[in-house]
Each structure stands twice: as structure tokens, then as C-alpha cells.
Amino acid sequence: MQAFGRFIADNGRWLGGGFLLTFFSSFGQTFFISLSNAGIRNAYGLSHGDFGGLYMLATLGSALTLPFLGRILDRYRTATVAVCTLLMLALATVSMGLSTSIPALVVSLYMLRLFGQGMMTQTAFTATGRWFSANRGRAVSLVTLGHQAGEALLPILFVIVAGAIGWRASWFTATGALVLVALPVVTLLLRRDRVPQNDPETILRAPVRHWTLSEVLRDPKFYLISAGVLAPPFVATTIFFHQVYLTELRGWPLTLFAAGFAVMSIANLAFTLLAGWLIDRTSAARVLPLFLLPLAAASFVAAFVTAPWAIFLFMALMGVSNGFSSTLSGAMWPELYGTAHLGAIRSVVVATMVFASAAGPGLTGYLIDAGVDYDLQLATMGLYAVAAAVGMWIVSASLVRTRELDVCERS
């Protein structure tokens, strides 16, 4: 514990900057945007499927843009990219509050998804993956806590603020937070890059070759891992996007569901730190099979348990899964493919995750409008998570065997 505290103290500026980037990425995350779901649908006369389709369109546009935009992290300093991303996200929140037409709404959603969910997270994790080596797992886990803090604090704050001044004006408060708090503090913290050469080398681990993006895209393991990595954004985004519909279906108060985010964040916090510790003690490849089983259980709870306490069990299980998956997302790719082209590689990974988060709300919104039972949809998501977990176990076993052979050859 003392060593962990010293690690935080010695690296506070970089960990703090990454934390703030993930925290303020919340303004582009589905859990936050969906809090305006009812207001948006009422303002524009949209059904669940209509809004889900528009959201999918905007998110797909973001996913298609991200592989090109994300490469700038391989060419420019982190501080420069972070400042530009924060300014564009602030512009997106202004646009969301001012939009009065469906085209303007789609553009606003596109910018929120691209610069919030996409580039803010991409910048934080790419920089952390480069700045840390032997302690990458715990560094990523600490930076990831920004997501958990946002999920815990912002939903209930938004519900309170929107109840007082309306959902449109609430987006302007987000603008103020970005410009007055995030921008100056992040600029100060990240003005100097960290050099990871001073980290102690982790023994018994083979050195990682720095793959190019084209080499990664020819590697079958990349697609097998991606198939599992896509499950959390698809399932979580779908459920959180339609949280208003789920609460109406169950007869739950929306405020109770919003309060459940705090439970998710507590579980998320604990298992994010646990995942970071496990990754540093073993490897990301060994941790890979663990993160999808709680997601499957969460889906089954949402599908079959109708009592109000199900909110908190569901949220706790989602927190466990998110804690593992978010830390793995930051630590796994540099461990497997190196850091020289990490910006380009992660941009493709994040784009596929964004694509999954786009497909979920659109597809389920269409199915809801078509009268397909929502409980059946949730159960199907749980089965997909189980199947993906089996695939991750197979991939993990292969990666571990390959890594052990490499270590034996070195020794």
C-alpha cells in the first residue's frame, strides 16, 4: 500500500490528467446523453426507434471518423491533442443545447460521440499506455476511475439540474465545466510528457514488438479479441440508452435507476483497481477471460428480475464487468502490439467499440417499435456474452502459451 501511494504521488500529474480526460468524456457517453432521452423525443416527436436510429447514425459517423482522427496521437503531443479535443467537446455541448432541428441534433450527437466517448478516452488511454510500462496496469486502472466517477456523480446531478432549469440549459452547464475546469487543469497537468524508461523492467516477460496497424489488421488474434471486447459497449450502451423504457416497463422511478449508477461506480472502482493489480502481477492476457461473465449475469438479471432491488444487483454486476474491461482496454493493446503505433491501433479498436455502441440502441429501438419482447432481447445479450467469454478463454490460453515459450527462449 505504501508503494502504491508513492506511485500515485510520483506520477500524480499524468494520472490526474488522464483521470480528468476520462471523467469529462462522460458528456459524450451514452449513460449521460440518454438522460435527455425523454426530453429529446418529446421536443422532436420521435419514437424510441426513431431516436435510436438517429443516435446510431451519429455514432456510426463517429466510428468511421475516429480511425483517421485518432492517428494524430502518433504525431502530436498529448497536451496539444487533449486541448483541441476539450474545445471541440465544449462546442458539442453548446450545439446540443441550441439544436432546434433534427439535422442539428444529429450533428450535435456526432460531435459528442466523436470527441467525448471517442477522442477523450482515446487520448487518455493511449498516453497512459505509452507513459507507463511495468506499472501500466495500475496506471490504467487509476485513469479509468474517471469513468467511474463520472458515472457515479453526473447522472444524479443532471437529473437535479435538468429538473430545475430544463434539459437544454443543463448542457450549457456542461460547457462551463469543460471550459472553466477541465481545460485549464488538464493543460497544466499534461504540459510535460512522462518518460517510461525509468520504470523497472518486469521480469519474465518477453519484449513486445512494435506492430504497425497493417500488421495488426492481418493478425487473426486481433479479430478474436475484438469480438469479445465489443460485448460490453454493445450491451451496456443498449441498456443505458433505453433506461427510460426499461424503468417504464418495470414501473421503476427513473431517479432510483439513476441512483443505481453510484452502486455501479463503487463496484467499478473496486474491480478496476483489482484488474490493474492482476495485470501487473500476471498479464493482460491472463485476465482476459474474466470480464464477460459478470456482464452475462447482469443481462440475465435485467431480463428476468422485475423487483426494484434488481437495479442495484444489475448495476453491481455491470460495475464488475466494466472494471475489468476498461482496464484491459487500456493495458492489453500495448502489451500485445507495442506502443510505437498505439494511436492508430487504438483508434481502430475504439472505432469498433463505438460501432457496437451505435448498433445496440438502433437495433433494439427498432425491435422495440416492432413489438419484440425486451426481456427476450436482454436474455439474448446475456447468451452472447457467455459465448464471447468462451472465445476469450480460448484466445487467452493461446496467448499465455506463446508468451511462456518466448520467455523460455530468452532464459
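First things first, this report covers the structure right here in the doc. Given the structure is predicted, the values throughout are model-derived calculations rather than measurements.

Conventions and cut-offs
- Residues numbered from 1 in each chain as written.
- Predicted model: local features only at pLDDT ≥ 70, side-chain atom pairs only at ≥ 80, totals over all residues.
- Heavy atoms only, no water.
- Helix = DSSP H or I, 4+ residues; strand = E, 2+ residues; numbered from the N terminus.
- Rg over C-alpha atoms; globule rule 2.2 N^0.38 Å.
- Buried < 20%, exposed > 50% of the residue type's maximum accessible area, 1.4 Å probe, protein only.
- Contact = heavy atoms within 4.5 Å.
- Areas by Shrake-Rupley, 256 points an atom, 1.4 Å probe, with all protein chains shown as cover.
- Core = buried A, V, L, I, M, F, W, Y, C linked by side-chain atoms within 4.5 Å.

Observations regarding the overall build of the chain
Helix and strand counts for the chain come out as 19 helices and 0 strands. A compact globule built from 411 residues would reach a C-alpha radius of gyration of about 22 Å, and the chain, at 20 Å, matches this within 12%. For the chain, the spread of C-alpha atoms along the principal axes amounts to about 65 × 45 × 40 Å. For the chain, the residues scored as buried account for 57% of the 411 residues in total. A fraction of 87% describes how many contacts in the chain between residues 6 or more apart in sequence connect residues 24 or more apart. With the model as given, the accessible surface of the chain reaches about 16100 Å², and the carbon-plus-sulfur share is 70%.

A few points about the side chain of Ser141
Looking at the secondary structure, you find Ser141 in helix 8 (residues 136-165). What Ser141 contacts, discounting residues up to four positions off in sequence, is Thr272, Leu273, Gly276 and Thr327.

Topic: the side chain of His242
As for its placement among the helices and strands, His242 is situated in the loop between helix 12 (231-241) and helix 13 (243-250). Dropping the residues within four chain positions of it, His242 is found in contact with His48, Pro361, Thr364, Gly365, Ile368 and Tyr374.

Focus on the nonpolar core
The biggest cluster of nonpolar side chains holds 130 residues, and the ones touching the most others in it are Leu105, Ile225, Phe240, Phe257, Phe314 and Trp333. At 14 residues, the largest contribution of residues to this core is made by helix 17 (residues 310-337). Apart from the residues lying within four places of it in its own chain, the contact partners of Leu105 are Ile40, Tyr44, Leu46, Phe51, Leu54, Met96 and Ser99.

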